[in-house]
Amino acid sequence: MKSVALITEYNPFHNGHVFHAQQAKQITQAEVTIAIMSGSFVMRGEPAIYNKFTRTEMALDQCDLVVELPAYASLSAGEYFGDIAVQLANYLDSDALVFGSESGDTDAFLSMSQQLNDLKTSPIFQQKIKEGKSYPRILSELFPNEPLLASPNDTLGLSYVRAIQQHGYQIKPYAIHRQSSHHHDQTLSHSPIASGSAIRHAMTHNDSEWQDAVPASIQHLYTAPHIDKADTFPFLKYAILSQSVETLNQIYTMSEGLEHRLKKVILEAQSFDQLIQLLKSKRYTYTHLQRVLMNTLLQFKHQDRPETIHAVRILGMTPRGQQYLKELKMKFPDRHWITNVNQQNASWFTHNIHATRIYNLMSGEQQDDFNTPVIRADVR
């Protein structure tokens with residue numbers, strides 16, 4: 001069975017995601033659609049608006065398999081996020097990977113990705129590193145007018161294509177033009193297509209217009225939002241106050257010296273937003289700071305970051321997805337496909353299990369990795 005992978009967060013699932021999945025199937029002629037989805041926390045550095053089990057049910061409206069992206073990758077910048085996601089796609093024997101972009105020009109992504117992969121061995125790159133310049137600054141100097149480095153979606157797409165090229169995977173990438181409002185747009189415009197940011201904003205402000213932007217067939221799943229970043233603050237404050245500067249220094253994504261500032265301003269901050277404002281400087285983006293804070297909350301450490309995929313957590317599947325999984329087990333008998341977590345296989349998903357437990361602590365949710373078996377959808 002031919003398969004196509006989609007790297008997703010579905011925070012929450014909306015009509016733009018429906019378009020993405022349908023276009024992916026049409027372009028690739030795939031029989032199986034695989035969603036590689038962030039779990040309890042998402043890349044923007046906050047807890048997901050709905051838990052991963054509810055979002056899996058949403059995703060099964062269009063996808064045949066939903067698998068969980070490792071929590072470390074979900075709370076990482078583009079390069080590691082992309083590398084681990086692509087490793088998962090390869091582990092699942094995906095034939096193609098389809099991602100949204102501003103341009104939709106696949107050839108441009110292939111060309112630019114090769115240039116970036118070749119860059120790190122070039123003399124000019126090594127010289128700029130010796131000058132103490134950061135990687136983003138070097139890129140801006142060497143490619144000042146490159147459109148693929150100008151938007152978050154395109155830079156994320158580049159990370160996928162680069163990972164495919166670096167690993168030598170036989171996955172065919174496809175860039176498709178995004179059918180959505182701006183990624184960070186928080187306004188709904190009476191359109192069936194809206195950004196996740198706009199939908200979340202409407203949900204948390206009791207604006208029912210968000211209903212036009214999600215599939216009617218699964219609208220019953222969109223109950224009151226479970227949690228947002230503001231709810232993390234008391235738990236986060238405890239995590240910061242209870243750790244030493246030396247321990248905070250070991251937190252994954254913690255920039256050099258930020259742990260001292262964090263220790264200083266936490267005593268002054270009265271909310272999550274105020275904490276971010278006290279930490280903000282030209283050196284750090286809001287998204288980077290939010291990821292640092294979530295990694296601090298979860299106590300993820302630099303040295304514990306996984307570099308390879310050893311098993312896949314299957315969150316949900318349709319009958320077609322189940323058939324594909326049977327084929328994978330026959331083709332790759334030594335690989336691990338986990339539909340139900342237990343004490344014997346939990347060690348493969350330690351960080352995801354921990355992230356879900358902390359999410360539930362803050363949200364009051366009861367579903368976790370041990371009491372929630374793989375979600376099965378009826379035939380569409």
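Residues numbered from 1 in each chain as written. Predicted model: local features only at pLDDT ≥ 70, side-chain atom pairs only at ≥ 80, totals over all residues. Heavy atoms only, no water.

Peer 1: What's the story with unusual backbone geometry in this structure? I'm lost.
Peer 2: Only a minority of non-glycine residues have a phi that is not negative, and only a minority of peptide bonds are not trans. In the segment running from Asn11 into Pro12, the intervening peptide bond is cis, with an omega of 0°. Relative to the elements of secondary structure, Pro12 occurs in the loop between strand 1 (3–8) and helix 1 (15–28). Phi at Tyr10 takes a positive value of approximately 50°, unusual for a residue other than glycine. Counting through the fold element by element, Tyr10 comes out in the loop between strand 1 and helix 1. A residue is classified by how much of its surface remains accessible, and Tyr10, at 1% relative accessible area, is buried. For Gln29, which is not glycine, the phi dihedral falls at a positive 60°. Note that Gln29 resides in the loop between helix 1 and strand 2 (32–37). (Helix = DSSP H or I, 4+ residues; strand = E, 2+ residues; numbered from the N terminus. Buried < 20%, exposed > 50% of the residue type's maximum accessible area, 1.4 Å probe, protein only.)

Peer 1: Help me understand the environment of Glu46, please; the structure alone is not making it clear to me.
Peer 2: Examined against the element boundaries, Glu46 turns out to sit in strand 4 (residues 46–47). Along the backbone, Glu46 and Ala230 are 184 residues apart, and their C-alpha atoms lie at a distance of 9.1 Å. When neighbours within four sequence positions are excluded, Glu46 is seen to be in contact with Phe41, Arg200, Lys229, Gln290 and Met294. Side-chain polar atoms of Glu46 contact the side chain of Arg44, separated by 3.3 Å. (Contact = heavy atoms within 4.5 Å. Polar contact = N/O pair within 3.5 Å; in protein donor to acceptor, adjacent residues only side chain to side chain.)

Peer 1: Whenever I open this one, the pattern of salt bridges confuses me. Can you help?
Peer 2: Between side chains of opposite charge, a pair can form when the charged atoms approach closely. Going through the model one piece at a time under the given rule, you end up with nine salt bridges. Between Glu68 and Lys52 there is a salt bridge; the shortest N-O distance is 3.1 Å. Here Lys52 lies in helix 2 (residues 52–59) and Glu68 lies in strand 5 (residues 65–68), a separation of 16 residues in the sequence. Across the pair, Lys52 and Glu68 agree in class, each one buried. Between Arg305 and Glu307 there is a salt bridge whose closest N-O contact spans 3.0 Å. On the accessibility criterion, Arg305 (28% relative accessible area) is partly exposed. We classify Glu307 as partly exposed; its relative accessible area is 42%. In this structure, a network of salt bridges that share partners links the residues Lys52, Glu68, Arg313 and Asp369. (Salt bridge = Lys/Arg side-chain N within 4 Å of Asp/Glu carboxyl O.)

Peer 1: I tried to follow the packing of aromatic side chains on my own but got confused; where do I start?
Peer 2: Aromatic rings in a pair are described by how distant their centres are and how their planes are angled relative to each other. Here the structure, examined in full by the defined rule, presents 10 aromatic pairs. Seen from their ring centres, Phe99 and Tyr160 are 5.9 Å apart, and the 70° between their planes marks the pair as edge-to-face. Here Phe99, found in strand 6 (residues 96–101), pairs with Tyr160, found in helix 8 (residues 152–167); they are 61 residues apart in sequence, far enough to count as distant. Summarising the burial analysis for this pair, Phe99 and Tyr160 share the class buried. (Phe/Tyr/Trp six-rings, centres within 6.5 Å; stacked < 30°, edge-to-face > 60°.)

Peer 1: In this structure, what is going on with the pairing of strand 5? I would like to understand it.
Peer 2: A regular strand places its side chains so that they alternate between the two faces of the sheet. Of the two faces of strand 5, both are covered, the one formed by Leu65 and Val67 as well as the one formed by Val66 and Glu68. In the sheet, strand 2 pairs with strand 5 via four bridges, with the strands oriented parallel. Across the sheet, the residue bridging to Met37 is Glu68, located in strand 5. Relative to strand 8 (residues 312–317), strand 5 is paired through three bridges, and the arrangement is antiparallel. Paired with Val67 across the two strands is Ile314, which belongs to strand 8. (Pairing = 2+ DSSP bridges.)

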